[in-house]
Amino acid sequence: MAHPKRKWSKARTARHRSAWKLNMPGLVECPQCHAKMLRRTVCKNCGYLDGRQVIKVDEEI
Ligand SMILES: [Zn+2]
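Residues numbered from 1 in each chain as written. Predicted model: local features only at pLDDT ≥ 70, side-chain atom pairs only at ≥ 80, totals over all residues. Heavy atoms only, no water.

Draft legend 1. Quick look at the overall build of the protein. What the protein contains, in helices and strands, is one helix and four strands. Listing each helix as α and each strand as β along the protein from the N terminus yields α-β-β-β-β. Taken over 61 residues, the protein has a buried fraction of 8%. Within the protein, residue pairs in contact and separated by at least 24 positions form 0% of the contacts whose partners lie at least 6 positions apart. On the protein, roughly 6200 Å² of surface is accessible, and the fraction owed to carbon and sulfur atoms is 53%. (Helix = DSSP H or I, 4+ residues; strand = E, 2+ residues; numbered from the N terminus. Buried < 20%, exposed > 50% of the residue type's maximum accessible area, 1.4 Å probe, protein only. Contact = heavy atoms within 4.5 Å. Areas by Shrake-Rupley, 256 points an atom, 1.4 Å probe, with all protein chains shown as cover.)

Right, here's the structure in full:
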């Protein structure tokens, strides 16, 4: 099995843990309504995905 060459130092472990989820991975801004949404998912705010409306949402512009 693949195996790490050496043990991670305590400092590196601490650094790694402290950096956990500093910026939410997969959370992006919707190009349509600029609301925070999960990447590769239909935007819950406007229902858009890849530049087209996929689900029907009551929107106010
Ligand atoms: Zn949107």
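The structure having been displayed, the exposition proceeds.
Draft legend 2. Inspection of the coordination of the zinc ion at higher detail. Protein-derived ligands of the zinc ion are Cys30 (SG), Cys33 (SG), Cys43 (SG) and Cys46 (SG), with the metal-ligand distances lying across 2.2 to 2.3 Å. In this structure, the zinc ion is surrounded by four donor atoms whose angles at the metal cover 107 to 114°, and the resulting shape is tetrahedral. In terms of primary sequence, the donors binding the zinc ion are separated according to C-x2-C-x9-C-x2-C. (Donors = N, O, S within 2.8 Å, 3.2 Å for Na, K, Ca; no water. Tetrahedral: all angles 85-135°; square planar, octahedral: opposite > 155°, others 65-115°.)

Draft legend 3. Broad picture of the layout of surface pockets. In this model, the largest pocket occupies a volume close to 200 Å³. Lining the largest pocket are 14 residues, with Pro31, Met37, Arg40, Leu49 and Asp50 sitting closest to its centre. If you list the elements that add at least two residues to the lining of the largest pocket, you get strand 1 (27-29) and strand 3 (48-49). Broken down by class, the residue content of the lining of the largest pocket amounts to seven nonpolar, three polar and four charged. (1 Å grid on protein atoms, 1.4 Å probe; cavity = no way out; pocket = protein on both sides within 12 Å on 5 of 7 lines; lining within 4 Å. Points joined across faces, edges and corners; volume = space filled by probe spheres on them. Nonpolar A, V, L, I, M, F, W, Y, C, P; charged D, E, K, R; others polar.)

Draft legend 4. Spotlight on the environment of Ile55. Tracing the chain through its elements places Ile55 in the segment after strand 4 (52-53). C-alpha separation for the pair Ile55 and Cys43, spaced twelve residues apart in sequence, amounts to 8.9 Å.

Draft legend 5. Just unusual backbone geometry, in detail. Its identity is not glycine, yet His34 carries a phi of approximately 60°, on the positive side. Considering the arrangement of structural elements, one finds His34 in the loop between strand 1 and strand 2 (36-38). The exposure class of His34 is exposed, given its relative accessible area of 53%.

Draft legend 6. Region of the structure containing the confidence of the model for the protein. Confidence in the prediction of the protein, expressed as mean pLDDT, is 81, and 85% of residues score 70 or more. The weakest mean pLDDT in the protein belongs to strand 4 at 74; the strongest belongs to helix 1 (residues 10-18) at 91. (pLDDT = per-residue confidence, 0-100.)

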